[in-house]
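In case you want the letters, here they are:
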Amino acid sequence: MPSNTKITKNFTTNEMKCPCCDECEMDEQFMANLQRIREQCGFGFKINSAYRCAEYNAKVSSNTKGQHATGQAVDVSMKDRYKRYELLMKAIFSEYFKDIAISKTFIHLGRGNVKNGVGVY
Ligand SMILES: [Zn+2]
């Protein structure tokens, strides 16, 4: 089992790895952008889900093209309306996160690939 290592200043492989196999193939550019908006927000991001191997992704998601499997998506736990605003604003203004989705308890930040969009769960 690989040991916990820092990916960026505020994020480690333990937070980002696949829960079924500990694989952690997060995209480098994605992580740099996530780190940037983390610093702009100034508060901690609790990561619910990040990297998923193909097998695990198939188990938990019907989206086979989901970006968790390419290391280009994270679900950030988010229940506070004021922090939600900050996170959304920074994510949208970054112009990097093109696929965003909002649930009552978390925000999905994905790189996206076709058109920019904001979904709801
Ligand atoms: Zn896995």
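Please read these numbers as outputs of a predicted model, since none were measured by experiment. (Residues numbered from 1 in each chain as written. Predicted model: local features only at pLDDT ≥ 70, side-chain atom pairs only at ≥ 80, totals over all residues.)

S.K.: Could you give me a rundown of the overall build of the chain, with the residues and numbers involved?
M.R.: When its secondary structure is counted, the chain shows 4 helices and 5 strands. The order of α-helices and β-strands along the chain, N terminus first, is α-α-β-α-β-α-β-β-β. Against the compact-globule benchmark of 14 Å for 121 residues, the chain has a radius of gyration of 13 Å, which places it among compact chains. Seen along its three principal axes, the alpha-carbon backbone of the chain occupies a region of about 35 × 30 × 25 Å. Taking all 121 residues of the chain together, the buried fraction comes to 27%. Taking as baseline every contact in the chain between residues at least 6 positions apart, the subset at least 24 positions apart corresponds to 54%. (Helix = DSSP H or I, 4+ residues; strand = E, 2+ residues; numbered from the N terminus. Rg over C-alpha atoms; globule rule 2.2 N^0.38 Å. Buried ≥ 20, exposed ≤ 12 C-beta atoms within 10 Å, placed from the backbone. Contact = placed C-beta atoms within 7 Å.)

S.K.: Can you explain the nonpolar core? Please cite residues and give values.
M.R.: The biggest cluster of nonpolar side chains holds 20 residues, and the ones touching the most others in it are Met26, Tyr51, Val74, Val76, Ile107 and Leu109. Elements represented by at least two residues in this core include exactly helix 2 (28-41), strand 2 (73-77), helix 4 (81-94) and strand 4 (106-110). Not counting residues up to four positions away in its chain, the partners in contact with Ile107 are Val76, Met78, Arg84, Leu87, Leu88, Ile100 and Ile102. (Core = buried A, V, L, I, M, F, W, Y, C linked by C-beta atoms within 7 Å.)

S.K.: Lay out the pairing of strand 3 (residues 99-102) in plain terms, naming residues and giving numbers.
M.R.: Relative to strand 4, strand 3 is paired through 4 bridges, and the arrangement is antiparallel. Its bridge partner lying in strand 4, Ala101 is registered against His108. The turn joining strand 3 and strand 4, which pair antiparallel and follow one another in sequence, is formed by 3 residues. (Pairing = 2+ DSSP bridges.)

S.K.: Could you give me a rundown of helix 4, with the residues and numbers involved?
M.R.: With 14 residues, helix 4 should reach 20 Å at 1.5 Å per residue; the first-to-last C-alpha distance of 20 Å fits that figure. One or two steps after helix 4, the chain reaches Glu95, where phi turns positive at roughly 60°. (Expected span 1.5 Å × (residues − 1).)

S.K.: Mind laying out the packing of helix 2 against helix 4, listing which residues take part and the relevant values?
M.R.: For the pair helix 2 and helix 4, the least separation of the axes is 10 Å and the interaxial angle reads 135°. On the basis of their axis angle, the class for helix 2 and helix 4 is oblique. Regarding helix 2 and helix 4, the two cross each other, and that crossing is right-handed. Residues Asn33, Arg36, Ile37, Gln40 and Cys41 of helix 2 pack against Glu86, Leu87, Lys90, Ala91 and Ser94 of helix 4. Its residues placed into classes, the contact of helix 2 with helix 4 shows 4 nonpolar, 3 polar and 3 charged. (Axes fitted to C-alpha atoms, helices over the stretch in contact; angles between N-to-C directions. Parallel < 35°, antiparallel > 145°, perpendicular 65-115°, else oblique. Left-handed = near helix turned anticlockwise from the far one by under 90°. Nonpolar A, V, L, I, M, F, W, Y, C, P; charged D, E, K, R; others polar.)

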